[in-house]
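This is what each chain is made of:
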Amino acid sequence: MERPIASSVLRKGYEVLNDRARSDVIVVGAGPAGLTCAYELARNDVKVTVIERQLYVGGGMTGGGMFLPAGVVMEEDAELLEELGVELEPAEEGLLAFNPVEAAIKLAHAAVEAGAVILVGLEVEDVIERQGRVEGVVVNWTAAKRAGMHVDPLPMEAKFTVDATGHEASVCRCAGVEVKGEGPMWAERGEELVEKHTREVKPGLFVAGMAASAVRGAYRMGPIFGGMLRSGRKAAREILERL
Ligand code: 48F
């Protein structure tokens, strides 16, 4: 049994990675913005690969507010979570509360069911750039990087790349895009601005979610997630128009 286990894993693992050497869209980061973006793209028959450096999906969403198992959305932003069957409970002043682990899992499930492939344990450490256009990313095993081992990375090509890496905006930094850093807290304004700042920041490279706020130095908003969902959806729609 041992040989066929190894052989099956090697064959299947190679097949998946080899198939993902080129995607239509690479989304970096499996937080709420990246997962929403991947879901919207995949359901429109786009070949989308999500690259996540952790071994879990959901990014900062799963931790709710200070590890408490709760997050909120404004009622007007609840459509996607409702569509995915996330249980929403009326809370204060037009907010709806939900379990953030449930929401993250259901977002990831929706993206995968729609056809997105999520690769975990891989960290984006650079971008591929040709004539000033971002044409994919350069990845390495998170474990190798954390161990400080010098091992050459591999490129993964894409027609469009989405930086959904949260407040680090790490893909933008690699691509030489100025990142002002996350601003102080103003929840309402931060929720508006995150969608406004979602855009193509360099040819071939879009930014979504908290990374979009960080690029522009916009306000943080705490454990309210509607802006992340709207931002992921906006990036997907703009890319769909371009593909
Ligand atoms: O941080 P994260 O959840 O970003 P988001 O989707 O949502 C932000 C909210 O969770 C919350 C908030 C809401 O008000 O402020 O913070 O914008 O998810 C980002 C994901 O990207 C991964 C990281 O592990 C996380 O899961 N990530 C970051 N850098 C890299 C990366 C990288 N270089 N390569 C691969 N994954």
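Up top you'll find the structure we're talking about.
We now turn to the structure provided with this report. Computed from a predicted structure; not experimentally measured.

1. Considerations on the pattern of salt bridges
- In total, this model carries 21 salt bridges according to the counting rule given.
- The salt bridge partner of aspartate 24 is lysine 159, with a shortest N-O separation of 2.9 Å. Here aspartate 24 is found in strand β1 (residues 22-28), whereas its partner lysine 159 is found in strand β9 (residues 154-163), with 135 residues between them in sequence.
- The class of aspartate 24 is buried, set by a relative accessible area of 17%.
- Among the charged side chains, a network of salt bridges with common partners joins Arg22, Arg130, Arg133, Glu135 and Glu157.

2. Examining a positive patch on the surface
- Judged by side-chain charge, Lys180, Lys196, Arg199 and Arg216 come together as a positively charged surface patch.
- In this fold, arginine 216 is placed in helix α8 (residues 210-216).
- For arginine 216, a relative accessible area of 39% corresponds to the partly exposed category.

3. Let's talk about the nonpolar core
- Val25, Val27, Leu41, Val48, Phe98 and Val162 are the most contacted members of the largest nonpolar core, which totals 44 residues.
- Counting only elements with at least two residues in this core, the list comes to β1, α2 (32-42), β2 (48-52), α3 (79-83), β5 (95-98), α4 (100-114), β9 and α9 (226-242).
- Considering every element that reaches this core, the biggest residue donor is α2, with seven residues.
- When sequence neighbours within four positions are dropped, the list of residues in contact with valine 27 reads Gly34, Cys37, Leu41, Val48, Thr49, Val50, Ile51, Val162 and Ala164.
- The next biggest cluster of nonpolar side chains, apart from the first, holds 24 residues, and it includes Ala169, Val171, Ala211 and Ala214.

4. Examining the packing of aromatic side chains
- Throughout the structure, instances matching the rule amount to three aromatic pairs.
- Where phenylalanine 160 meets phenylalanine 206, the ring centres are 5.9 Å apart and the plane angle is 70 degrees; that geometry is what we call edge-to-face. Within this pair, whereas phenylalanine 160 is found in strand β9, its partner phenylalanine 206 is found in strand β11 (residues 205-207), the two being separated by 46 residues in sequence.
- The exposure class of phenylalanine 160 is buried, given its relative accessible area of 5%.
- Residues tryptophan 186 and tyrosine 219 carry aromatic rings whose centres are separated by 5.1 Å and whose planes lie at 70 degrees to one another, so their mutual orientation is edge-to-face. Here tryptophan 186, found in the loop between α6 (170-174) and α7 (187-196), pairs with tyrosine 219, found in the loop between α8 and α9; they are 33 residues apart in sequence, far enough to count as distant.
- With a relative accessible area of 43%, tryptophan 186 lands in the partly exposed category.
- For tyrosine 219, a relative accessible area of 28% gives the class partly exposed.
- Directly above the aromatic system of phenylalanine 160 lies the positively charged group of arginine 133, at a separation of 5.1 Å from the ring centroid.

Calculation criteria
- Residues numbered from 1 in each chain as written.
- Predicted model: local features only at pLDDT ≥ 70, side-chain atom pairs only at ≥ 80, totals over all residues.
- Heavy atoms only, no water.
- Salt bridge = Lys/Arg side-chain N within 4 Å of Asp/Glu carboxyl O.
- Helix = DSSP H or I, 4+ residues; strand = E, 2+ residues; numbered from the N terminus.
- Buried < 20%, exposed > 50% of the residue type's maximum accessible area, 1.4 Å probe, protein only.
- Patch = residues over 30% accessible without salt bridge, like charges linked within 9 Å, V, L, I, M, F, W, Y side chains within 5 Å.
- Areas by Shrake-Rupley, 256 points an atom, 1.4 Å probe, with all protein chains shown as cover.
- Lys, Arg positive; Asp, Glu negative; His and termini not counted.
- Charge placed at Lys NZ, Arg CZ, Asp CG, Glu CD.
- Core = buried A, V, L, I, M, F, W, Y, C linked by side-chain atoms within 4.5 Å.
- Contact = heavy atoms within 4.5 Å.
- Phe/Tyr/Trp six-rings, centres within 6.5 Å; stacked < 30°, edge-to-face > 60°.
- Lys NZ or Arg CZ within 6 Å of the ring centre and 35° of its normal.

So, to be careful, I would describe these as geometric facts and stop short of saying anything about function.
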